[in-house]
Amino acid sequence: MGIFSNILAKLGFGDEKKEVAAEAAPAAVEAPAAAAPVAISAVDVVARLEALAAGHAEKLNWKTSIVDLLKLLGLDSSLAARKELATELGCPAEKMGDSAQMNMWLHKTVLQKLANNGGNIPAELL
C-alpha cells in the first residue's frame, strides 16, 4: 500500500463504499426492480482534519503544510517519506530537487487528489 493510500485510509475514504456495497448487493439480488439507489456521501476532509487537530498536542498548520498534514494523520513526515509520496504522485523532476517547491506541489496535489477521490475540499484550499 502506497503512502497516498495510507492518507485515504486515515481519513476514512472507502469505509462507506464498502458498507454501501455490502448492503446494496443482497438487496439487488432479492428485488432488483425495487432497489433504490444508495447515495455515497463525500468524505468531509476538513471536518475530520479539524477534529484531529483539536485533539493534537501540537498546533499544526495542515492547511498549508504537507509536513503538518502528515503529522496530523500520524504518518511519517520525513523528507524521505515526502519524496516517496511525491514520486508516487508524479511530482515533476524540477520540483523534486528543491524541497520547498516539492512540499508546496505535494500539499496542493494531495488535497486535489483527496477531492478527486470524493473528499469535500473547499476551493480556497485547492
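Above this note sits the structure.
Below, the structure is looked at part by part. Only a predicted model underlies this, so the values are computations on that prediction, with no experimental measurement involved.

Here we look at the environment of Lys113
Phase 1 of the analysis: With respect to the helices, strands and loops of the structure, Lys113 is situated in helix α7 (residues 99-116).
Phase 2 of the analysis: Linking Lys113 and Leu126, residues 13 residues apart in sequence, is a C-alpha distance of 9.9 Å.
Phase 3 of the analysis: Once residues within four sequence positions are removed from consideration, Lys113 is found in contact with Phe4 and Leu89.

Details of the side chain of Ser77
Phase 1 of the analysis: Structurally, the position occupied by Ser77 is in the loop between α4 (66-72) and α5 (79-89).
Phase 2 of the analysis: In contact with Ser77, not counting residues within four places along its chain, are Val67, Leu70, Lys71 and Arg82.

Observations regarding the environment of Asp44
Phase 1 of the analysis: Relative to the assigned elements, Asp44 resides in the loop between α2 (15-30) and α3 (45-54).
Phase 2 of the analysis: The class for Asp44 is partly exposed, based on a relative accessible area of 34%.
Phase 3 of the analysis: Spatially, the C-alpha atoms of Asp44 and Gly119 are 6.0 Å apart, while their sequence positions differ by 75 residues.
Phase 4 of the analysis: In this structure the side chain of Asp44 is engaged in a polar contact, spanning 3.3 Å, whose partner is the backbone nitrogen of Ala47.

Description of the pattern of salt bridges
Phase 1 of the analysis: Evaluation of the coordinates by the stated rule reveals two salt bridges.
Phase 2 of the analysis: Between Glu50 and Lys63 there is a salt bridge; the shortest N-O distance is 3.5 Å. Here the residue Glu50 occupies a position in helix α3, and Lys63 occupies one in the loop between α3 and α4, the gap between them amounting to 13 residues.
Phase 3 of the analysis: Under the relative-accessibility criterion, Glu50 is labelled partly exposed at 34%.

With respect to the packing of helix α1 (residues 3-10) against α5
Phase 1 of the analysis: Relative orientation of the contacting elements α1 and α5 amounts to 95 degrees, with a least axis distance of 8 Å. One finds that α1 runs roughly perpendicular with respect to α5. In this structure, α1 uses Ile3, Phe4, Ser5 and Ile7 to contact α5, whose residues at the interface are Ala81, Glu84, Leu85, Glu88 and Leu89.
Phase 2 of the analysis: Taken together, the residues that form the contact of α1 with α5 break down as six nonpolar, one polar and two charged.

So, how was this worked out
- Per chain, the residues get numbers from 1 upward, laid out in the order the sequence is written.
- This being a predicted model, a pLDDT of at least 70 is required before a residue's local features are given, and a value of 80 or more before pairs of side-chain atoms are given or counted; all residues contribute to the totals for chains, interfaces and linings.
- Note that the side-chain values use all heavy atoms of the structure and ignore hydrogens as well as water.
- Counting from the N terminus, the helices are DSSP H or I runs at least four residues long and the strands are E runs at least two residues long.
- Contact between two residues is taken to exist if any of their heavy atoms lie within 4.5 Å; hydrogens are not considered.
- Each residue is placed in one exposure class: buried if its accessible area under a 1.4 Å probe, protein chains only, is under 20% of its type's maximum, exposed if it is over 50%, and partly exposed if it falls in between.
- Identification of polar contacts relies on pairs of N or O atoms within 3.5 Å, with a donor-acceptor requirement for protein atoms, meaning one able to donate a hydrogen and the other able to accept it, and with residues adjacent in sequence counted only if both atoms are side-chain atoms.
- By salt bridge we mean one thing: a side-chain nitrogen of Lys or Arg within 4 Å of a carboxyl oxygen of Asp or Glu.
- Under this scheme, a helix contributes an axis fitted over its contacting stretch, all axes are lines through C-alpha atoms, and angles between N-to-C directions fall in the 0 to 180 degree range.
- In these notes the angle categories are as follows: under 35 degrees is roughly parallel, over 145 is roughly antiparallel, 65 to 115 is roughly perpendicular, and the rest is oblique.
- Each residue gets one of three labels, nonpolar for Ala, Val, Leu, Ile, Met, Phe, Trp, Tyr, Cys and Pro, charged for Asp, Glu, Lys and Arg, and polar for the others, Gly among them.

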